[in-house]
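These are the residues of each chain, in order.
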Amino acid sequence: THTFKHYACFNTIYDYEDRNVWSLYEDHAKNIWAGTCTGGGLYRLNRNTDRFELFDVALTGVITLGEDKQGNLWAGTFSELIKIDKIHRKHELHHINYPVRSICEDDFHTLWIGTEGGGMQGMNLHTGERMSFTEEHGLSNNAVLNILKDKTGFLWLTTYNGLCRVDVPNKRIKNFYESDGLPSNQFNYNAAASLASGEFVLG
């Protein structure tokens, strides 16, 4: 119809509309979540009423959302990774000390997060083992803004200084820059998508 519809995220606790929606995510159950940045909370779309409803006012500063293969919802803030309890709202907090810009699970049950300043950090969801990839390991930059997994299992990271391809099992990294044909070395957060064709769209 070539029209737009405005969906408000109205904070019923503090009686105002949250206008700074930084993250949108549709989970495997087709729930649409909206994370807000300024003191608001996390919202979920009620498809029966076609309105976003406040899910938890305590989940503030949610700048990224993701899901693992078990269907658990994860949120990233300016300093924490949060495993969201959709039923009892007793969330599990992991202090990261960097903004969490992206969330992606690989083929080996490791949940990877892209941090703005701390590189890519990983946590094995079965064993709890922690690992990381930083400039010290060969990344082109420690600001990992987006993480996408290709059909062969490689992780592709956009940063403020180039594009990185990470072979996690073999701990191999290949970096790409303007000299390789990129239009720019600097990418932006919240600007990456994987198409059905296997191609990536990066902003």
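This structure is a prediction, so every number in the text was calculated from the model and none was measured.

Caption draft 1: Representation of the nonpolar core. Formed by Cys-104, Trp-112, Met-120, Phe-133, Leu-139, Val-144, Ile-147, Leu-155, Leu-157, Cys-164, Val-166 and Val-168, the largest nonpolar core amounts to twelve residues. Those elements that place two or more of their residues in this core are strand E15 (144–149), strand E16 (155–159) and strand E17 (163–167). Every residue in contact with Val-168, bar those within four places of it in the chain, is listed here: Asp-106, Trp-112, Phe-133 and Leu-155. Core analysis: the next-biggest nonpolar cluster, separate from the first, contains ten residues, Trp-33, Leu-42, Phe-55 and Leu-73 among them.

Caption draft 2: Looking closely at the environment of Glu-199. Note that Glu-199 resides in the loop between strand E19 (192–194) and strand E20 (200–202). Residue classification places Glu-199 among the exposed residues on the basis of a relative accessible area of 51%. As a C-alpha pair, Glu-199 and Lys-151 span 48 residues in sequence and 9.8 Å in three-dimensional space. Apart from residues lying up to four places away in sequence, Glu-199 is in contact with Ala-193 and Ser-194. Separated by 2.8 Å, the side chains of Glu-199 and Ser-197 make a polar contact.

Caption draft 3: Up close: the pattern of salt bridges. Counted under the stated rule, the structure contains seven salt bridges. Note that Lys-5 and Asp-50 form a salt bridge whose closest N and O atoms lie 2.5 Å from each other. Here the residue Lys-5 occupies a position in the segment before strand E1 (9–11), and Asp-50 occupies one in the loop between strand E5 (42–46) and strand E6 (51–56), the gap between them amounting to 45 residues. On the basis of relative accessible area, Lys-5 is assigned to the exposed category, the value being 54%. One salt bridge connects Glu-116 with Arg-101, and the closest N-O pair in it is separated by 2.8 Å. Taken together, the positions of Glu-116 in the loop between strand E12 (110–115) and strand E13 (120–124) and Arg-101 in strand E11 (residues 100–105) put the pair 15 residues apart, joining distant regions of the chain. According to the relative accessible area criterion, Glu-116 is partly exposed, its value standing at 23%. Overall, Arg-101 belongs to the buried group, its relative accessible area being 6%.

Caption draft 4: Layout of the sheet that holds E11. Spatial strand order, E11-E12-E13-E14: four strands in an open sheet with antiparallel pairing. In this open sheet, the two strands that pair with only one neighbour each are E11 and strand E14 (130–133). Pairwise comparison of adjacent strand axes, ignoring direction, gives a mean angle of 20° for this sheet. One ladder, built from five bridges, connects E12 with E13; its direction is antiparallel. Following the sheet pairing, Leu-111 is matched in E13 by Met-123.

Caption draft 5: Quick peek at the environment of Val-21. Looking at the secondary structure, you find Val-21 in strand E3 (residues 21–26). A relative accessible area of 37% means that Val-21 is categorised as partly exposed. Considered as a pair, Val-21 and Gly-35 are 14 residues apart in the sequence and their alpha carbons are 5.8 Å apart. Filtering out sequence-adjacent residues up to four positions away, Val-21 remains in contact with Cys-9, Ala-34, Gly-35 and Thr-36.

Caption draft 6: The packing of aromatic side chains, seen in detail. Scanning the entire structure with this criterion turns up seven aromatic pairs. Relative to Phe-133, the ring of Trp-112 lies with its centre 5.5 Å away and its plane at 50°, an arrangement referred to as tilted. Highlighted residues: Trp-112 in strand E12 and Phe-133 in strand E14, separated in sequence by 21 residues. The two residues Trp-112 and Phe-133 agree in class, both being buried. Seen in terms of ring centroids, Trp-156 and Phe-200 are 6.4 Å apart; in terms of plane orientation they differ by 70°. Their pairing is edge-to-face.

Caption draft 7: Summary view of unusual backbone geometry. One non-glycine residue, Asp-15, lies in the positive phi region at around 60°. Along the polypeptide, Asp-15 turns up in the loop between E1 and strand E2 (16–18). Notably, Lys-171 is not glycine yet its phi reads approximately 55°, a positive angle. Of note, Lys-171 is situated in the loop between E17 and strand E18 (172–176). We classify Lys-171 as exposed; its relative accessible area is 64%.

What counts as what
Residues numbered from 1 in each chain as written. Predicted model: local features only at pLDDT ≥ 70, side-chain atom pairs only at ≥ 80, totals over all residues. Heavy atoms only, no water. Core = buried A, V, L, I, M, F, W, Y, C linked by side-chain atoms within 4.5 Å. Buried < 20%, exposed > 50% of the residue type's maximum accessible area, 1.4 Å probe, protein only. Helix = DSSP H or I, 4+ residues; strand = E, 2+ residues; numbered from the N terminus. Contact = heavy atoms within 4.5 Å. Polar contact = N/O pair within 3.5 Å; in protein donor to acceptor, adjacent residues only side chain to side chain. Salt bridge = Lys/Arg side-chain N within 4 Å of Asp/Glu carboxyl O. Pairing = 2+ DSSP bridges. Axes fitted to C-alpha atoms, helices over the stretch in contact; angles between N-to-C directions. Phe/Tyr/Trp six-rings, centres within 6.5 Å; stacked < 30°, edge-to-face > 60°.

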